[in-house]
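Residue-level structure breakdown
Given next are the chains, with one letter for each unit.
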Amino acid sequence: MPISDYLASLRTRVGHDLLMMPCAAAIVRDDEGRVLLQRRSDTGTWGVPGGALDPGEHPAQACVREVYEETGLIVRPVSLVAVETHPVTTYPNGDIVQPIVTLFACQVEGGELGSLDGESLELRFFSMAELPAVDLVERFQAEGFEPERREAAFIWDPAWLDRSAG
């Protein structure tokens with residue numbers, strides 16, 4: 001489902017204005033260690049499967065639901081990879097969002113690869129060397145996409161410590 005009833009209800013009140021949106025996403029690997037990416041139907045860009053949390057939903061629960069809806073795979077989150085904000089994005093319909101994403105490494109438990117909700121134009125596993133140059137991959141490739149990683153990654157800028165930087 002492209003937009004939940006909850007978000008649709010919010011949009012009737014705020015129109016296309018900026019919404020901060022809690023989301024969950026997954027790094028899913030195949031048996032060869034390649035990372036699953038989806039080419040999104042709304043923007044045509046590559047990214048990891050994921051989406052907005054529904055009211056009352058835990059991030060890991062949303063991750064399982066979103067991955068299933070977008071890929072047909074049943075996954076189990078096994079570790080936290082990152083918590084981060086994506087850049088402010090304007091969707092083709094004019095909606096403006098800034099996702100706050102909890103990113104999990106997930107293990108495939110079942111299912112069959114194939115989009116169930118129409119949000120994925122293409123689903124493909126990429127080796128680390130083949131990952132397309134997209135924002136999320138560029139920001140977290142060194143930390144987040146390493147299969148051996150055991151600690152969560154995050155964006156850090158030492159300038160944030162300068163109280164005069166605002």
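Every chain is numbered on its own, with residues counted from 1 as its sequence reads. Residues qualify for local features only when their pLDDT is at least 70, as the model is predicted, and side-chain atom pairs are given and counted only at 80 or more; totals for whole chains, interfaces and linings, by contrast, use all residues. Side-chain descriptors were evaluated using all non-hydrogen atoms of the structure, hydrogens and water having been removed beforehand.

Overview of a nonpolar patch on the surface
Like charges are joined within 9 Å and nonpolar side chains (Val, Leu, Ile, Met, Phe, Trp, Tyr) within 5 Å, but only among residues with over 30% relative accessible area and no salt bridge; these make up the patches. Computed with the Shrake-Rupley method and a 1.4 Å probe, the accessible areas treat only the protein chains shown as cover for residues. What counts as a salt bridge is simple: a side-chain nitrogen of Lys or Arg found within 4 Å of a carboxyl oxygen of Asp or Glu. Taken together, the side chains of Leu18, Met20, Leu80, Val83, Val88 and Ile100 make up a nonpolar region of the molecular surface, amounting to roughly 490 Å² of accessible area. Within the secondary structure, valine 83 is located in strand S5 (residues 73-85). Any residue under 20% of the maximum accessible area for its type is buried, any over 50% is exposed, and the rest in between are partly exposed; the area is computed with a 1.4 Å probe on protein chains only. On the basis of relative accessibility, which here comes to 43%, the residue valine 83 falls in the partly exposed class. Numbering of helices and strands runs from the N terminus; a helix is a DSSP stretch of H or I covering at least four residues, while a strand is a stretch of E covering at least two.

A word on the sheet that holds strand S2 (residues 35-40)
Two strands form a pair only when DSSP identifies at least two bridges running between them. Within the open sheet, the three strands sit side by side as S3-S2-S8. Their pairing is antiparallel. Bordering the open sheet on either side are strand S3 (46-47) and strand S8 (120-126), each of which pairs with just one other strand. Both S2 and S3 contribute to a ladder of two bridges, which runs antiparallel. Bridging across to S3, glutamine 38 finds its partner in glycine 47.

A few points about the confidence of the model for the protein chain
Note on scores: pLDDT gives the predictor's confidence for each residue, bounded by 0 and 100. When pLDDT is averaged along the protein chain, the result is 86; 87% of the residues meet or exceed 70. Averaged over each element, pLDDT in the protein chain is lowest for helix H3 (residues 135-140) (57) and highest for helix H2 (residues 59-71) (96).

Quick notes on the pattern of salt bridges
Scanning the model with the defined rule gives 10 salt bridges in all. In this structure, aspartate 54 engages arginine 65 in a salt bridge whose closest nitrogen and oxygen atoms are separated by 3.6 Å. Taken together, the residues aspartate 54 in the loop between strand S4 (50-52) and H2 and arginine 65 in helix H2 connect sequence positions 11 residues apart. Residue classification places aspartate 54 among the partly exposed positions, given a relative accessible area of 28%. Taken together, the shared-partner salt bridges connect Asp54, Glu57, Arg65, Glu66 and Glu69 into one network.

Concerning the packing of aromatic side chains
The relative placement of two aromatic rings is captured by the distance of their centres and the angle of their planes. Only Phe, Tyr and Trp rings are paired, with Trp represented by its six-membered ring, and only when their centres lie within 6.5 Å; those with planes under 30 degrees apart are stacked, over 60 edge-to-face, the remainder tilted. Taken as a whole and judged by the stated rule, the model has one aromatic pair. With a centroid separation of 5.1 Å and 85° between ring planes, the pair formed by tryptophan 46 and phenylalanine 126 is classed as edge-to-face. Highlighted residues: tryptophan 46 in strand S3 and phenylalanine 126 in strand S8, separated in sequence by 80 residues. Residues tryptophan 46 and phenylalanine 126 agree in their burial class; the two are buried.

Describing the environment of glutamate 130
By the element assignment, glutamate 130 lies in the loop between S8 and H3. Along the backbone, glutamate 130 and valine 35 are 95 residues apart, and their C-alpha atoms lie at a distance of 9.6 Å.

Focus: the environment of threonine 43
By the element assignment, threonine 43 lies in the loop between S2 and S3. Judged by its relative accessible area of 33%, threonine 43 is partly exposed. With 78 residues separating them in the primary sequence, threonine 43 and leucine 121 have C-alpha atoms 9.9 Å apart. Whether two residues touch is decided by their heavy atoms; if any such pair falls within 4.5 Å, the residues are in contact. If we ignore the near neighbours within four places in the chain, the residues touching threonine 43 are Tyr91 and Pro92.

Comments concerning the nonpolar core
Residues grouped as a nonpolar core are buried Ala, Val, Leu, Ile, Met, Phe, Trp, Tyr and Cys residues, joined through side-chain atoms within 4.5 Å. Formed by 19 residues in total, the largest nonpolar core has its most connected members in Met21, Ile27, Leu37, Val48, Val81 and Leu103. Secondary-structure elements contributing two or more residues to this core are strand S1 (19-28), S2, S5 and strand S7 (96-111). Looking at this core element by element, the count peaks at five residues for S1. In this structure, Ala24, Cys63, Val75 and Leu123 belong to the second largest nonpolar core, which totals 14 residues.

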